[in-house]
Amino acid sequence: MNDLFSLTDQYSSNNYSPLKLALTKGRGAKVWDVEDNSYIDCISGFSVVNQGHCHPKIIKAFQEQSEKITMVSRALYSDNLGKWEEKICTLANKEKVLPMNTGTEAIETAIKIARKWGSDVKGIADDKSEIIAMNGNFHGRTLGALSLSSQESYKKGFGPLLDNVHYIDFGDVAHLKSLINNNTAAVVLEPIQGEGGVNIPPDYFIEEVRHLCDEHNILFIADEIQVGLGRTGKMFAMEWEGVEPDIYLLGKSLGGGLYPMSAVIANHDVMDVLTPGTHGSTFGGNPLACAVSIAALDVLIDENLIERSADLGQKLLNQLQLIDSNIITDVRGRGLFIGIELSESAQPYCLEMIEKGVLCKETQGNIIRLAPPLVISEEEINKVINVITEVLEKGNK
Ligand SMILES: *Cc1c(COP(=O)(O)O)cnc(C)c1O
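Residues numbered from 1 in each chain as written. Predicted model: local features only at pLDDT ≥ 70, side-chain atom pairs only at ≥ 80, totals over all residues. Heavy atoms only, no water.

Engineer: Could you clarify how one ought to interpret the domain arrangement of the protein in this entry?
Structural biologist: Each assigned domain of the protein is listed with its residue range as follows: domain 1 (17–47 + 304–394) and domain 2 (57–302). Distance between the C-alpha centres of domain 1 and domain 2: 27 Å. Contact with domain 1, which involves 24 residues of that partner, is made by 28 residues of domain 2. With both sides pooled, the region where domain 1 packs onto domain 2 buries about 2,100 Å², and carbon together with sulfur makes up 55% of that total. By the criterion of area lost to domain 2, the three top residues of domain 1 are I306, R334 and F337, representing 38% of everything that side buries. On inspection of domain 1 and its partner domain 2, the count reaches 16 residue pairs in polar contact (both at pLDDT 80 or more). For the side of domain 1 that touches domain 2, the secondary structure elements donating two or more residues are α2 (44–47), α12 (305–321), β11 (328–333), β12 (338–342) and β15 (367–370). Counting residues per element, the side of domain 1 that touches domain 2 draws most heavily on α12, at four residues. (Domains from an automatic or database assignment. Contact = heavy atoms within 4.5 Å. Buried area = accessible area lost by both parts, 1.4 Å probe. Polar contact = N/O pair within 3.5 Å; in protein donor to acceptor, adjacent residues only side chain to side chain. Helix = DSSP H or I, 4+ residues; strand = E, 2+ residues; numbered from the N terminus.)

Engineer: What should I look at first to understand the UniProt feature "modified residue: N6-(pyridoxal phosphate)lysine" (unreviewed entry) in the protein in this one?
Structural biologist: According to UniProt, the feature "modified residue: N6-(pyridoxal phosphate)lysine" (unreviewed entry) maps to K252 in the numbering used here. Topologically, K252 is positioned in the loop between β9 (247–250) and β10 (262–266). In this structure K252 comes out as partly exposed when scored by relative accessible area, which is 25%. Beyond its immediate stretch of four places on either side in the chain, K252 contacts F46, S47, V48, I225, Q226 and M261. (UniProt positions renumbered as here; feature names shortened; annotations may be inferred. Buried < 20%, exposed > 50% of the residue type's maximum accessible area, 1.4 Å probe, protein only.)

Engineer: What's the story with a nonpolar patch on the surface in this structure? I'm lost.
Structural biologist: The grouping of M1, L4 and V34 at the surface amounts to a nonpolar patch, some 220 Å² of accessible area in total. Here L4 shows up in helix α1 (residues 2–11). L4 sits in the partly exposed class, given a relative accessible area of 33%. (Patch = residues over 30% accessible without salt bridge, like charges linked within 9 Å, V, L, I, M, F, W, Y side chains within 5 Å. Areas by Shrake-Rupley, 256 points an atom, 1.4 Å probe, with all protein chains shown as cover. Salt bridge = Lys/Arg side-chain N within 4 Å of Asp/Glu carboxyl O.)

Rendered as structure tokens:
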């Protein structure tokens, strides 16, 4: 065990500080460590395994495709890119999709589209496009995504970053209005902030953003990389607001927990600003990714995982709200995406839960984020409730 940790630490770059827990197997909502202890996974690789660990249908799609052809490049067609595109566009009610690989690449792509659209369609002078982002967001770690971040500790030392990014508090309509001008190309937000602490937008905020974007001809970019695909009890978290963005960004569980895939989804009028040669990705939309993602989307729908997320999430939320503890300051969430906010550091409580067989992790220091695979059983949910109650009630003393 210690050999495993020291070997990894010896060669790993130092940009992570993982817990001393090494997993070796996962099935459904359960994972096993190298000493064969089992845990209910409430992290899900940060919502990558919505369909559950090692889903047999997704593995089968992966295996079958990997014996046919895996890489084609976009210099040619493949026999399943179009099928995947039709599926994802139909789900999102949009006309066009651009496949990428990771979430941060989807963000980079959206920034490029917003700037090109700003100059080609809206007539913003070159190099003048502005983007408005939210305080407390997370959009990824590459330089464009980082430029959208409001967190100085993520950015320090990595400059120069992109110019012309402005920030508002998540929910501050008045500030948004005051920042909008003729050079504003896009507003980008997560419909529920994930890393930021499972922050649910105030009522009507998203609707108001949509309204202002319409009024001032601005693109609304919804980063659903973490909260999309059933995580919040809807296919898209934007459905909670009854609002459609101009651009959806998906990633994480789009690849069924098996293969990285992300997507930028929009209508013609937006997507058509990209022409041959203006953007691309070697691995984007490869046949293996498409086969896996088709299976991943089928599993979400065929197994009613979105309804499951809504129902079990509501049950979990209700039970957690009943916990009598003076260190809990808020319990909030939608579907199986729940944040328990504490008045003190959440890490010791997460460690205790892990000891009792529930894998979870804090975000922002004092918030426990729960995001189990959507295939989690009722029995497993009950165990999660019992463990959390035990651990947090104790904090009350
Ligand atoms: C994880 C995440 C990203 C970045 O995705 P990567 O695949 O890690 O690049 C972007 N936006 C949101 C909301 C995320 O949760």
